[in-house]
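Overview (structure and organization)
Single-letter residue listing:
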Amino acid sequence: MGSVQVKNLVKKYDKAIALKGVDLDIKEGEFYALLGPSGCGKTTTMRCIAGFETPTSGEILIGDKVVNNVPANRRNCGMVFQSYALFPHYNVFENVAYSLTIRDLYSGSLGQRIKTFGRLMSKRLGKPTKEIEKKVQDALDYVELGHLADRGVNELSGGQQQRVALARALVMEPSVLLMDEPLSNLDKKLRNTMRTTIRKIQQDLKITTIFVTHDQEEAMSMADHVAVMRDGEIVQMATPTELYSNPKDPFVADFVGSSNIYKGQVLKKNEKGNTVVKITDEIVLESETHTDKSEVEVLVRPEGIEIIREASTPKTENVVEAKVKVSTYLGPTIRYDIELDGMDVMVEEEFQPNTALYKEGDIIKVHLPSERVLLI
Amino acid sequence: MSSVNQDKQPKKDTKFRGWLRTIDSLKVMKWVVYLFFFLFLVLPLVSVFLVSFTGQPVNLLGSLVNPDIMATNIERLSNASFEHYSLLLGGTYFSALQNSLALAIGVSILVILMCIPLAYAFARTTMPYKKTLAALCTIPLIVPTFISAAGFIIMFGRTGWVNTMYQSLGFDGVLIDAYSMTSIVLIQVFFFFPFALWPMVAAFKIADISLEEASNNMGAKNWSTMVFITFPLAIPGIISAALLIFTVSFSDFGTPIILAPDGLNLIVVEAYREISGFFNWAGASILTIVMVAVAAIFFWLQRYVTKNMDYGTLSGKPKGTKLNDSKIVTRSLLVFTILVLVLPMSAIFSVLLQSFATTWGTGLLPRGFTMDHYATVFTRSGDNILNSILLAGGALIISVIVATLVSYFVVRENTSKLDFMSSIPLIVPGIALGIAYIQTFNTAPLQLTGTAFLLIVAYAVRRMPYMIRSTMGTMMAIKSDIEEAAVNLGASKLVAIITVVGPLMLPGIAAGSILVFVTVIKETSITVLMAPSDWAPMSLMVFQNLLRGEVYTASAMAMLIIVLVIILQTAANKITKNSLY
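The following refers to the structure shown. Only a predicted model underlies this, so the values are computations on that prediction, with no experimental measurement involved.

A word on the packing of aromatic side chains
Per the stated rule, a full pass over the model turns up 25 aromatic pairs over all chains. When the centroid spacing of 6.0 Å and the interplanar angle of 85 degrees are considered together, the rings of F87 of chain A and Y90 of chain A count as edge-to-face. Take F87 of chain A and Y90 of chain A: they sit in the same class, and that class is buried. Here F122 of chain B and W198 of chain B contribute two aromatic rings whose centre-to-centre distance is 5.4 Å and whose plane-to-plane angle is 50 degrees, an arrangement assigned as tilted. Taken as a pair, F122 of chain B in helix α5 (residues 91-124) and W198 of chain B in helix α9 (residues 181-206) lie far apart in primary sequence, 76 residues in all. For F122 of chain B, a relative accessible area of 5% gives the class buried. Cluster of aromatic residues (ring-pair linked, three or more members): F36, F37, F40, Y437, F441 and F453 of chain B. In this arrangement the basic side chain of R168 of chain A is found over the ring face of F87 of chain A, its NZ or CZ atom lying 4.6 Å from the centre.

Quick word on the interface of chain A and chain B
Across the contact, 28 residues belong to chain A and 23 residues belong to chain B. At the boundary of chain A and chain B, one finds one salt bridge. Here R47 of chain A and E484 of chain B are joined by a salt bridge, their closest N and O atoms 2.7 Å apart. For the side of chain A that touches chain B, the element with the highest residue contribution is helix α2 (residues 92-105) of chain A, accounting for four residues.

Some points on the packing of helix α2 (residues 25-54) of chain B against helix α16 (residues 372-413) of chain B
Residue and element names in this part refer to chain B. Contact pair α2 / α16: the axes reach a minimum separation of 10 Å and the direction vectors enclose 115 degrees. Here the hand of the crossing between α2 and α16 comes out left-handed. Within the contact between the two elements, α2 uses L26, M29, K30, V33, F36 and F37 and α16 uses I398, V402, L405, V406, Y408, F409 and E413. Among the residues making up the contact of α2 with α16, the classes are represented as eleven nonpolar, no polar and two charged.

Quick notes on the state of the cysteines
The bond known as a disulfide is covalent and runs between the sulfur atoms of two cysteines. Residue and element names in this part refer to chain B. A full pass over the atoms with the stated rule returns zero disulfides over all chains. The thiol of C115 is not disulfide-bonded; the next cysteine sulfur, from C137, is found 8.2 Å away. On the basis of relative accessibility, which here comes to 0%, the residue C115 falls in the buried class.

About the thresholds
Residues numbered from 1 in each chain as written. Chains lettered and ligands numbered in written order. Predicted model: local features only at pLDDT ≥ 70, side-chain atom pairs only at ≥ 80, totals over all residues. Heavy atoms only, no water. Phe/Tyr/Trp six-rings, centres within 6.5 Å; stacked < 30°, edge-to-face > 60°. Buried < 20%, exposed > 50% of the residue type's maximum accessible area, 1.4 Å probe, protein only. Helix = DSSP H or I, 4+ residues; strand = E, 2+ residues; numbered from the N terminus. Lys NZ or Arg CZ within 6 Å of the ring centre and 35° of its normal. Contact = heavy atoms within 4.5 Å. Salt bridge = Lys/Arg side-chain N within 4 Å of Asp/Glu carboxyl O. Axes fitted to C-alpha atoms, helices over the stretch in contact; angles between N-to-C directions. Left-handed = near helix turned anticlockwise from the far one by under 90°. Nonpolar A, V, L, I, M, F, W, Y, C, P; charged D, E, K, R; others polar. Disulfide = S-S within 2.5 Å.

So yeah, pure geometry; function would need other evidence.
This is how it looks when you write it as C-alpha cells:
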C-alpha cells in the first residue's frame, strides 16, 4: 500500500506537449479521480505512474520511493484497462493467476521456474500451486465470479469481464490501483452497479486508487478527491462537494455540473457585507462571495434557483421576474428554461405531485439566494 | 597486496552482475536479429553488387581478417567499371526484362480478380463444403511449379490428353500449346493464387463487422456495403497480396525453365543460364541487380499505397462475425470456386496418373498401371525424403524465431529499419540469393558453402518475408494494452512476449509456418544451386529425374511430396484450430 506523489510532471512528444507540470499528492488509501475532457492528459498522467510512458521531466513517488527508473513490471501498480485487456488465450482463472505465476517465474529454483513457465504456456503443462489457487479463488469470490473460474474470458458479459480485470489487478496486492475509464464500455445501469462495487471494494481494502474518467458524475460519486485537468494541467484539486460548490473557474464549474454562467461587473459591497454585482441593467444581484476583481463570472447552479410560488412571502433582494420558455419533465425534477432580461437561465426544481407545471409564456418570479450566487 | 586483490575480485563480480542486470534482454534479441540479417542478407547482396562491377568474386569478410585478401579485393575494385552494364542495352537482357515484367503484372492482376470472390466466399459466407474447398485451394501451393509444368505437358503437350480430346472433337491443332507464354501464365495464375487467397481471406475477416452493420443500418443494401465498406477495408490486404504474386511470378523459375519456348526470353532463365552454363559472374550479377531493382520499385509502390491505411484490430473484447447465407450468393460462389480448381486439379491428377502408368503415349489414358515407380522411389530415395523434412524443419525454426521477433520490433517499437531489411528477400530471386551465398561463404573466415546449414539459412531467409507478413498481420491485430497488462502484472517485456503475445500470434505463426514448410519442401532454384549431394532433398531428385527424362519416377516422387505436405498441413491445421479463440 502506498501514497502517490507526482511532482512537476512534464511529458513532451515530438510535436505536442501532453503534460505541462502536473502535481499530485495522493494519500494512502485515498480514492482519487483524474477528471477532464479527452486529450487533457489524464490518461498520460496515469500511464506515467504505471510506467508505460517515460516522463520528460518530473518525479513520481510511490510510497516514499522515486520510481522514475523502476520498469513498469516492478512498480506493483495494478491497472484496470479501458478495454479490460484480458488475455483471450487464458481462462478466467489463468487471467487472474497471471501476476502470481509471473512472480513464481522470477523466484525459486531452476526446476520450479521451468515448471512455472510450462504452466504459463499451457494449463496442460502444470497445475497452479495451492497458494495461487487459494488466492485466485478468493479474489474471484470477492468479485462474485468464483463459479466462472473455468470459463473463457470471451464467454463472459461486459460486466463480468470488467470484474475479472478488477480481480486480476487486485490479486497482486498492488500498492496502487489504477483504473483507466473502466466503466466506459458498460451500459448505464451496469455502470451504476459497478460504481458502487468498485467504491465498496476500495473502501474494504483501503487501497490507494487512481481513477481516470471524463464522466463528472462518476468522479464525483466515487472519489474522495478529484483533480480536474485541462490541456495538460491540473485546474483544480478538491473534494467533490468543494468542487461543486466552489469551482475555481468557469471551466471547472461547467465541467462538474450544468450551470448558468454570465459575465458581471462588481459594483460595491453593501451593508450586509455582500458583494453587489451587475449582470445587465435590470439584473443586479448580491453574492456572499468576496472578490477583489471588478470583472467576474457569475455562476448559479440550476437547482440553486428558487421559483417563488406564493406572492405573500416577500423577498426583496435577488428576486427577479422571468418568462418561461421551455419546461421539461425529467422525472424526479423539472427543468425550466427561462429568460431573465434577455438572458437564458436554467432552473431545476424538485417535482411535487400536487403542484402544476408552468407552461411556456408564463411569467414567474425567481429567487437567486445570495449564498448560491458564486463569483469566479 | 594480495588482500587488496581479494577485495577487488568480488567487487568486479558484483559490478559485472549489476551490468548484466541492466541489459535489456529484448535489446539483445534485437541485436541478434540485426546480426542475422547483416550476415546472411546484406553482406551477400553487397558482394553481388560489387561483383557486377568487378566481374570477379570479392571476399568482404576475408578482407576484414586477412590483409592479403584485402589487397586483392582493393585491386579488383580499382578495376571496377560500368563496362558490364552496357550488356543491358543490348537485345537479350532487355527483352528478357520486358517479357518478365509483362508476365508478372498480368499474373498479379488475374490472380487478384480471381481471388476477390474466393476470399469473400471463404471469409464471409456460409458457402457449402468450405472446409473441403479450403483444403483443395491450398493444394496448388504444395505443387512445385516444375511439377505443374510437367502436368501441363501431360495435358497440353503434342500428345497430351486434353489436346487429344480437343482434336477428337473435330478441331485442328492444339487447344493450348504447353510450351508457350499462355501456359506459363495459366500455371502461375492457377498455382500461385493461394499465396494471395489466404492473406485476402484474413483481410476480409479482420475488417470490422460493426462498420458493415452500421452501413446496413444506415440503409445500404448488402451489395453496396460489400463494395463500399467491406472491400475498401480489405484493400491493404489485397494490395500486399498483389505484390506478393508479382514477385513470386517475377522470380518463379520452375515454370519457365521447363515451358519457355526458344523464342521466349525470361530474365530468371537468362540469369540461371549465365551462372550454371557459362559461369558469367558479371552478367548474372547484373541481371540480379536489375531484378532486385524492379521488385524494389513495386515494393515501394505497395508501401506508398498502403501507408495511410489502418488495420482492423482485435482487442481484448470479443466480436462476432455475421456470414452471408444468401443461397444465390453461396451457390454461385461454390460453382466459381470449383471452376477455379478444375485446372490445377487436372494437372495434379495427370501427374498422379502418370506415376502409376506403365507407359502413356497418345490417348486419353495410360496403357496400363503399375506400382513399380513407387517401389523405385522408396528403395532408392528414402534419404531424400528425410533430408527434405530435416531441411524444411530447420528453416522453419529459424524463421519462426526471427519472424516473431521482427514483427514485434516493427509493430511495437516502430523499427522500420528491420522491417525494411526483412522484406529484402521478397525482392531477391532464389538464384540470386544462392549465387550470393556461394560466393560470400566460399572461403574463410566463414566457410559454409556446401553445408546443410547454409542451405537451411538460405531457405529461411528466402521465405522469411512470407512468415513475417503472416506474423506481422496478427501482431498488428493484438492491441498493445494486452501486452501492457502483462507488464503491469509483473512480466518483463520478454516474458510478456513469450507468454501473451506469442500465444496470441499462434494462428499467424502457424499459418506462416505452413507456408514456409511447404515452400521450402518444393523450393527449386536454391536447392538446385546449393544442396550438397549427401543432403539432396526430394525436390532436387524430382528435378533431376525430369531432366534425365525419368518422367514416371519423377511423377511418383512428386506425388510423394504432395501427399507428405498434405499430411503435414492437416496436422498443422489441427494444432492451430485447438488454440484459436
